[in-house]
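The lines below spell out each chain.
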Amino acid sequence: MSLWIKTNRFIKAIFPKYVWDIPNSEKKVYLTFDDGPIPEITEWVLDQLTRYDAKATFFCIGDNIRKYPEIFNKIIENNHSIGNHTFNHLKGWETTLEKYLENAEKCAEIMANFNIQTTNPKLFRPPYGKIKPSQAKALRQAGYTIVMWDVISMDFDANVSPEQCLQNVISHIESGSIIVFHDSSKAWQNLQYVLPKTLEFLKKNEFVCEKIG
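These notes cover the structure that comes with them. (Residues numbered from 1 in each chain as written. Predicted model: local features only at pLDDT ≥ 70, side-chain atom pairs only at ≥ 80, totals over all residues. Heavy atoms only, no water.)

Remarks on the overall build of the protein
Step number 1: If you tally the helices and strands in the protein, you get eight helices and eight strands.
Step number 2: For 213 residues, the compact-globule formula gives about 17 Å, and the C-alpha radius of gyration of the protein, at 16 Å, lands near that figure.
Step number 3: Dimensions of the protein along its principal axes, counting C-alpha atoms only, are 45 × 40 × 35 Å.
Step number 4: Buried residues in the protein amount to 52% of all 213 residues.
Step number 5: For the protein, restricting intrachain contacts to residue pairs at least 6 apart in sequence, the fraction spanning at least 24 positions comes to 76%.
Step number 6: For the protein, the accessible surface area stands at approximately 10,100 Å², while carbon and sulfur atoms represent 49% of it.
Step number 7: Within the protein, one finds 25 positive and 25 negative side-chain charges whose respective centroids are separated by 5 Å. (Helix = DSSP H or I, 4+ residues; strand = E, 2+ residues; numbered from the N terminus. Rg over C-alpha atoms; globule rule 2.2 N^0.38 Å. Buried < 20%, exposed > 50% of the residue type's maximum accessible area, 1.4 Å probe, protein only. Contact = heavy atoms within 4.5 Å. Areas by Shrake-Rupley, 256 points an atom, 1.4 Å probe, with all protein chains shown as cover. Lys, Arg positive; Asp, Glu negative; His and termini not counted. Charge placed at Lys NZ, Arg CZ, Asp CG, Glu CD.)

In structure tokens:
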């Protein structure tokens, strides 16, 4: 699914039970960050969001929450939303239903140790965007909303330049877009360039950055 910078309408139509965007007439967009929390990187992202008065949604890996609980707390304290990204960043297509659900539940359990009152812990994004129908159905039955994306920055790809990464985002954003960035070491070089410029572009064009949930 990440082959499209802008998710194809046909894909959205085939999988209508996933959240790909949140249409609105108020120029609201939804920045999301996958794979954190990571020292320095996630904290830098939080500083950038604060600077531009933007809210976002962080899809966190349970093992990273375990390793860096203080950074996870900062996401909550800054009134951003959080979502489940499994405990070990599992690829759903290569994982049994039982193992996948156990891994997602393990992430949920560690999240439950935190005072998550202003965010929605029942958001779920499958790593790589790859999830079997059986896994998705079971997660929905467990009360999760599965959040995909409308625009993906490709910041994690070393073959994508920072400048191209920025164009991937600002050329495809529209009201209601859910945009994917990564607060990860792999994406760091591109993220340092693209995030401030994206936030500046959004502010200049009077978009509002909201959290999901």
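What follows picks up the thread again.
Quick look at the packing of helix α2 (residues 41-51) against helix α8 (residues 188-204)
Relative placement of two packed helices is described by the angle separating their axes and the distance separating the axes.
Step number 1: Where α2 meets α8, the closest approach of the two axes is 10 Å, and the angle between their N-to-C directions is 10°. It follows from the interaxial angle that α2 and α8 lie roughly parallel. Across the interface between the two elements, I41, W44, V45, Q48 and L49 from α2 touch W188, L191, Q192, L195, P196 and L199 from α8.
Step number 2: Looking at the contact of α2 with α8 residue by residue, the classes come out as nine nonpolar, two polar and no charged. (Axes fitted to C-alpha atoms, helices over the stretch in contact; angles between N-to-C directions. Parallel < 35°, antiparallel > 145°, perpendicular 65-115°, else oblique. Nonpolar A, V, L, I, M, F, W, Y, C, P; charged D, E, K, R; others polar.)

Side note on the pairing of strand β2 (residues 56-60)
Step number 1: For β2, the buried fraction is high: five of the five residues fall into the buried class.
Step number 2: Here β2 shows a buried face lined by A56, F58 and C60 and a second buried face lined by T57 and F59.
Step number 3: The pairing of strand β1 (residues 28-34) with β2 spans four bridges and is classified as parallel. Counted as the bridge partner of D34 is F59 from β2.
Step number 4: For the crossover that starts at β1, traverses α2 and ends in the parallel β2, the hand is right-handed. (Pairing = 2+ DSSP bridges. Right-handed = clockwise from strand over helix to strand, strands pointing away.)

Considerations on the pattern of salt bridges
Step number 1: Under the criterion given, the structure shown has ten salt bridges.
Step number 2: D63 is the partner of K67 in a salt bridge, and the nearest nitrogen-oxygen pair spans 3.9 Å. With K67 and D63 both in helix α3 (residues 62-67), this residue pair falls four residues apart, about one helical turn.
Step number 3: According to the relative accessible area criterion, K67 is partly exposed, its value standing at 40%.
Step number 4: The class of D63 is buried, set by a relative accessible area of 18%.
Step number 5: Connected via shared salt-bridge partners are K6, K12, D21, D150 and E174. (Salt bridge = Lys/Arg side-chain N within 4 Å of Asp/Glu carboxyl O.)

Focus on the packing of α2 against helix α4 (residues 69-77)
Step number 1: Relative orientation of the contacting elements α2 and α4 amounts to 15°, with a least axis distance of 10 Å. Taken together, the axes of α2 and α4 are roughly parallel relative to one another. Seen along the crossing, α2 lies across α4 with a hand that is left-handed. Here α2 contributes T42, E43 and L46 to the contact with α4, which in turn contributes I71, K74 and I75. (Left-handed = near helix turned anticlockwise from the far one by under 90°.)

Digging into the environment of T42
Step number 1: Mapped onto the secondary structure, T42 falls in helix α2.
Step number 2: Under the relative-accessibility criterion, T42 is labelled buried at 0%.
Step number 3: Expressed as a C-alpha distance, the spacing of T42 and T57, which sit 15 residues apart in the sequence, is 12 Å.
Step number 4: Among residues more than four places away in sequence, those in contact with T42 are G36, P37, F58, I71, I75 and D183.

Considering the packing of aromatic side chains
Step number 1: The tally for this structure, following the rule as stated, stands at eight aromatic pairs.
Step number 2: Pairing W44 with W188 gives two aromatic rings, centres 5.1 Å apart and planes at 85°, and the pair type is edge-to-face. Remark: W188 occurs in helix α8 and W44 occurs in helix α2; sequence separation between them is 144 residues.
Step number 3: Measuring from centroid to centroid gives 4.8 Å for F72 and F114, while their planes differ by 75°, and the two rings are edge-to-face. Taken together, the positions of F72 in helix α4 and F114 in the loop between α5 (97-111) and β4 (123-124) put the pair 42 residues apart, joining distant regions of the chain. By the burial criterion, F72 is buried, and F114 matches it.
Step number 4: Of the aromatic side chains, those joined through ring pairs into one cluster are F15, Y18 and W20.
Step number 5: For the cation-ring pair, K27 lies above F207, with the distance from its terminal atom to the ring centre recorded as 4.5 Å.
Step number 6: Positioned over the ring face of Y128 is K91, at 4.7 Å from the centre of the ring. (Phe/Tyr/Trp six-rings, centres within 6.5 Å; stacked < 30°, edge-to-face > 60°. Lys NZ or Arg CZ within 6 Å of the ring centre and 35° of its normal.)

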